[in-house]
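Tertiary structure, described
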Amino acid sequence: MTAEAIAHGLIDALTEPDPSPLMVAVVAVEGGEMVEATTPEDAADLLFEVGSIAKTMTATLLADLVLDGTARLDDQVGTWLDAGDNADITLEQLALHTSGLPRLASNAFDWAGFTLSDPYAGYTAAHAEEALRAASREEVGTSAYSNFGYQLLGLALERASGVEFAELLRARLFEPLGMTGACVCGGSGRPRAQGHDSGRPVGHWSDLLAGAGGVDATATDMAVYLQAILSPPERAPGPAIRMALGPRIDTERGKVGLGWQISAAGLTWHNGGTGGFRSCLAVDRASGRGALVLANDTSLLHLDTAVMAAASGADPRDSRPAPAGPDWEALAREVGERIVAADWPAVEAAMSPATAEVLTRQRLAEAWAELIAERGEPTTWTVTRATVIKGRTTALITIDHTDASTDLSLTFDEQRRLVGILVS
């Protein structure tokens, strides 16, 4: 497929059969040719939230600071953070997700003013350091994805350099590469795309600790970034990009670089998701092929699969989700009924063990109580669809409340265990 065919195949895969109110910006590289495409056309200059793709940028900053002697990979976070007994965690462990820290901080939902609609808005350095001191680390050295770890990494880099994180990104990555619109949380002043969840408008996320996912960028910005990943420049930040891309550890799913995942098939990639946006970037560095999608609706669960297919040279349109079938819809109704009834022990029993460690009964109860206080008691609810993508089934439940409505997304693994709950 040509770059143009890949780009338009991605748009077809993500916008059919119902594109409204979706905005999709795609970049495709094949055979030395790069094509950018957006739908609608006026989405080209808008900022999208790139989510956790920002982790690759944070890791590149780490590499850049290492190369200029400001920091070392084996530096301990206790040098800059009030870490208590966890002061020996290294910057490299944070970047590789091998620190043993949990996916989310223990107090991620427990601070004054917390809201589901903007969950990181008031999460400060003091909150993060408090959670770091209290953290119980498990399986240190084993790769286990940690959003919390990258919040800490960004904070540590800021303190090590004496420069605010947003300025570090601008001066060491965005400006040298020519990513003129990229910024932290809308900070460039450019217009921002409206985020959605299942077609319903949602607010933008703020992020005081932006190292884990607080970057906004246009399609053109990300085209520049994609090209720099495929062919790092000789000048800065090219050496730092090359250092970050290099695989450092092996896992069951492939290899891990500084911030980057490297699949068993050889794709270097990362994805992202916020309250109203989804994104994915994947490249086959050996062939020079790459694909990127930014979308303003977080419910596009097949986006990653489509991008990975495109980067592999396959037709992304073959990645469209398939109906899951009545058995899965029945399971979704059963779990949905338990959630609406606030039967948290039963919800916990439906989860995988790893999910239950994160989504504890207490966290679920507190989040649900906040939702009810905001939107009123549930009146009616229904399973609107259930689709399967690469062995995982996601069901969307629409809940009507006395004052508003809620979209509840439930994800199940192949063993029919609940592995994800998203409320919007």
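Scope of this entry: the structure provided in the associated data block. (Residues numbered from 1 in each chain as written. Predicted model: local features only at pLDDT ≥ 70, side-chain atom pairs only at ≥ 80, totals over all residues. Heavy atoms only, no water.)

1. Structural notes on the packing of helix α2 (residues 54-67) against helix α5 (residues 147-161)
Orientation of α2 relative to α5, taken along the N-to-C sense of each, is 35 degrees, at an axis distance of 10 Å. Seen from above, α2 lies across α5 with left-handed handedness. Contact residues: Lys55, Thr58, Ala59, Leu61, Leu62 and Leu65 in α2; Asn147, Tyr150, Leu153, Gly154, Leu157 and Ser161 in α5. (Axes fitted to C-alpha atoms, helices over the stretch in contact; angles between N-to-C directions. Helix = DSSP H or I, 4+ residues; strand = E, 2+ residues; numbered from the N terminus. Left-handed = near helix turned anticlockwise from the far one by under 90°. Contact = heavy atoms within 4.5 Å.)

2. Section: the state of the cysteines
This model, assessed by the stated rule, comprises zero disulfides. For the unlinked cysteine cysteine 183, the closest cysteine sulfur is that of cysteine 185, found at 7.9 Å. Take cysteine 185: its relative accessible area is 22%, and that puts it in the partly exposed class. (Disulfide = S-S within 2.5 Å. Buried < 20%, exposed > 50% of the residue type's maximum accessible area, 1.4 Å probe, protein only.)

3. Thoughts on the pairing of strand β2 (residues 33-39)
Sheet topology note: the strand β1 (residues 24-30)/β2 ladder contains seven bridges and is antiparallel. For glutamate 30, the partnering residue across the bridge sits in β2 and is glutamate 33. Following β1, the chain reverses through two residues before pairing antiparallel with β2; glycine 31 in that reversal takes a positive phi of roughly 60 degrees. (Pairing = 2+ DSSP bridges.)

4. Regarding the sheet that holds strand β17 (residues 405-412)
With antiparallel pairing, five strands are arranged side by side in an open sheet as β14-β15-β16-β17-β18. The open sheet terminates on both sides in strands that have one partner only, identified here as β14 (322-323) and β18 (418-423). As paired elements, strand β15 (residues 378-389) and strand β16 (residues 392-401) share 10 bridges and run antiparallel to each other. Each bridged residue has a counterpart across the sheet, and for threonine 387 the counterpart in β16 is threonine 394. Lying over the sheet, helix α13 (residues 361-375) contacts β15, β16, β17 and β18, oriented at roughly 40 degrees with respect to β16.

5. Digging into the environment of threonine 70
Mapped onto the fold, threonine 70 is located in the loop between α2 and α3 (91-96). Between the C-alpha atoms of threonine 70 and leucine 331, which are 261 residues apart in sequence, the distance is 53 Å. When sequence neighbours within four positions are dropped, the list of residues in contact with threonine 70 reads Leu65, Ala160, Ser161 and Arg172. Within the structure, threonine 70 has its side chain in polar contact with the side chain of aspartate 68 (distance 2.6 Å). (Polar contact = N/O pair within 3.5 Å; in protein donor to acceptor, adjacent residues only side chain to side chain.)

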